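Fold and contact review
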Amino acid sequence: MTDEGAETRYDRLTRHPTPGPRNSLQSWPSARSPVVVARNYAAIVAARVSPSLRVKTWLLRRIGVTVGEGVSWGLESTPDVFWPDLVTVEDHAIIGYDATLLCHEFLQDEYRTGEVVVGERAMIGAGAVVLPGVHIGADAQVAANSLVVEDVPPGVTVAGVPAEVVSRDDEAEEERESERADENGSESEETSRS
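Only a predicted model underlies this, so the values are computations on that prediction, with no experimental measurement involved. (Residues numbered from 1 in each chain as written. Predicted model: local features only at pLDDT ≥ 70, side-chain atom pairs only at ≥ 80, totals over all residues. Heavy atoms only, no water.)

Focus on the pattern of salt bridges
Let me state the cut-off plainly: Salt bridge, as used here: a side-chain nitrogen of Lys or Arg that lies within 4 Å of a carboxyl oxygen of Asp or Glu. The helix count covers DSSP runs of H or I at least four residues long, the strand count covers runs of E at least two residues long, and both are numbered beginning at the N terminus. Burial here depends on accessible area, computed with a 1.4 Å probe over protein chains only, as a share of the maximum for the residue type. Under 20% is buried, over 50% is exposed, and the range in between is partly exposed.
For the coordinates displayed, the defined rule picks out 10 salt bridges. For Arg9, the salt bridge goes to Glu105, with nearest N and O atoms at 3.8 Å. One end of the pair, Arg9, is in helix H1 (residues 9-12); the other, Glu105, is in strand E8 (residues 104-106), and 96 residues separate them in sequence. Given the relative accessible area of 4%, Arg9 is considered buried. The class for Glu105 is buried, based on a relative accessible area of 15%. Close ionic contact of Glu69 with Arg61 constitutes a salt bridge, the shortest N to O distance being 4.0 Å. A relative accessible area of 35% places Arg61 in the partly exposed class.

Rendered as structure tokens:
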């Protein structure tokens with residue numbers, strides 16, 4: 001989904017080695033303060049179940065999520081609990097029901113962190129998961145239950161596991177123009193018959 005030679009999500013990830021016999025998740029308290037994670041978790045749980053968009057936005061901003069104007073958060077939507085300060089959701093974007101924006105991944109010998117950016121008027125569908133370092137372009141759409149492992153260009157719709165491009169804004173516009181031309185042609189035929 002990205003242009004060849006363009007920066008990818010992997011280029012944006014910060015790698016944090018965790019030497020020793022245990023996997024990186026075993027040492028999460030040294031990665032992030034348990035008190036901070038508990039505070040973030042409490043705020044996110046409250047935001048997940050609140051029907052008020054104003055309350056959701058207020059809570060999420062308090063823990064560091066960058067939330068633009070007019071952002072809509074579906075019930076049960078979840079920004080990253082460990083690093084919510086790495087989440088940016090720009091103006092008028094929609095984060096659907098039970099969607100998850102992850103800014104970290106714990107692996108065997110390291111954990112990685114990366115900013116997730118959801119562009120203006122982008123839409124993340126219900127149950128979708130966005131991985132660390134991914135940027136979703138303006139007016140892009142992520143279908144429900146998709147796993148987004150790469151950047152999504154502006155105006156593109158992606159779907160699947162892993163998410164792949166299924167349509168582009170320019171294709172949709174061409175289809176609408178074609179339909180209008182067909183309608184106008186039908187109207188002209190009817191007028192000429194009369």
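Points about the packing of aromatic side chains
Rule in force here: Stacked, edge-to-face and tilted are the three classes for Phe, Tyr and Trp ring pairs, Trp counted by its six-membered ring, which pair at centre distances within 6.5 Å; planes under 30 degrees apart are stacked, over 60 edge-to-face, the rest tilted.
Counted according to the given criterion, the structure contains five aromatic pairs. Ring centres of Trp28 and Phe82 lie 5.5 Å apart, and the angle between their planes is 90°; this geometry places the pair in the edge-to-face category. Taken together, the positions of Trp28 in helix H2 (residues 28-31) and Phe82 in the loop between strand E4 (78-79) and strand E5 (87-89) put the pair 54 residues apart, joining distant regions of the chain. Under the relative-accessibility criterion, Trp28 is labelled partly exposed at 25%. Seen in terms of ring centroids, Phe106 and Tyr111 are 5.5 Å apart; in terms of plane orientation they differ by 45°. Their pairing is tilted. Of the two residues, Phe106 and Tyr111, neither departs from the other in class, the shared state being buried. Each residue in the set Trp28, Phe82, Trp83, Phe106 and Tyr111 is aromatic and connected to the rest through ring pairs, giving one cluster.

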